[in-house]
Amino acid sequence: QGFFIQAGIASPMYNFMLSLYFVMQVKYGMTEDRIRKKAEGIMHGVAIAFSFGTSFLCLGLGLFNESLLWCWINAAPRGCKQSYNHGGEATTCERGDNAEIFRWVLFFGPLWTLVLGTMAMMLALVRHVRAQEERLAKYQFSRKASIGDNSSQSIRNLSRKEDRRRYTQSRKVTGQAL
């Protein structure tokens, strides 16, 4: 159980890799073939190697112990004196000495790094798309020029229909993203 919980770090790692893929494609204009040839193998390799590598490391070091609801990185017996907390004194732990450090180094530290990295890449992507939209806005044609009847009422109706269509479309895209 602890092995697979630890291997679960692959999920946020793949989310990070997916956001990296979109940044490479949208912001830097890399083609899908180029990403596949240059980065995809590395992305899969890093995610799989890290998740299973840390799981096997914890297994080998005897760090998987009872942690109340499940088995994961913990010292045994529960409440034993870990050496890092007591100035390097002899530990009373039978297994998993300094488990709290391992938990942060092998899971929580990478997890928060991945979460913040994914957020940073998505922010960069949003800023890039917004800047591109602003650059393209000057090339939009007037709605009035494309309408045969130039009355202000028909322009307003078209504007409302177009606004509703765009709003509906943006809701669909947002729903798909979530």
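Residues numbered from 1 in each chain as written. Predicted model: local features only at pLDDT ≥ 70, side-chain atom pairs only at ≥ 80, totals over all residues. Heavy atoms only, no water.

**Some thoughts on the environment of Phe16**
Moving on, step 1. Assignment of secondary structure puts Phe16 in helix H2 (residues 10-27).
Moving on, step 2. Non-local contacts of Phe16, meaning those with residues more than four positions away in its chain, are made with Leu114, Gly117, Thr118 and Met121. (Helix = DSSP H or I, 4+ residues; strand = E, 2+ residues; numbered from the N terminus. Contact = heavy atoms within 4.5 Å.)

**Brief notes about unusual backbone geometry**
Leaving glycine aside, a negative phi is the common case for residues, and trans is the common case for peptide bonds.
Moving on, step 1. With omega at -5°, the peptide bond leading from Ala76 into Pro77 counts as cis.
Moving on, step 2. Its place among the elements puts Pro77 in the loop between strand E2 (70-73) and helix H4 (99-137).
Moving on, step 3. A positive phi angle, near 65°, is found at Asn98, a position not held by glycine.
Moving on, step 4. Checked against the element boundaries, Asn98 lands in the loop between E2 and H4.
Moving on, step 5. Judged by relative accessible area, Asn98 falls into the buried class, the value being 17%. (Buried < 20%, exposed > 50% of the residue type's maximum accessible area, 1.4 Å probe, protein only.)

**Points about the pattern of salt bridges**
Moving on, step 1. Within the structure shown, the criterion is met by two salt bridges.
Moving on, step 2. Among the salt bridges present, the one from Glu32 reaches Arg36, with a minimum N-O distance of 3.3 Å. Residue Glu32 and its partner Arg36 are located together in helix H3 (residues 32-60), separated by four residues, close to a single helical turn.
Moving on, step 3. Relative accessible area serves as the criterion here: at 44%, Glu32 is assigned to the partly exposed category. (Salt bridge = Lys/Arg side-chain N within 4 Å of Asp/Glu carboxyl O.)

**Structural notes on H4**
Moving on, step 1. Look at H4: 55 Å from first C-alpha to last across 39 residues, which is about the 57 Å you get at 1.5 Å a residue.
Moving on, step 2. The sharpest bend along H4 measures roughly 40° and falls at Val105.
Moving on, step 3. Listed in full, the buried residues belonging to H4 are Ala99, Arg103, Leu106, Phe107, Pro110, Leu111, Leu114, Gly117, Thr118, Met121, Leu125 and His128.
Moving on, step 4. In this structure, the buried residues of H4 make contact with helix H1 (2-7), H2, H3 and E2. (Expected span 1.5 Å × (residues − 1). Bend = angle between axes of the 7 residues up to and from the residue.)

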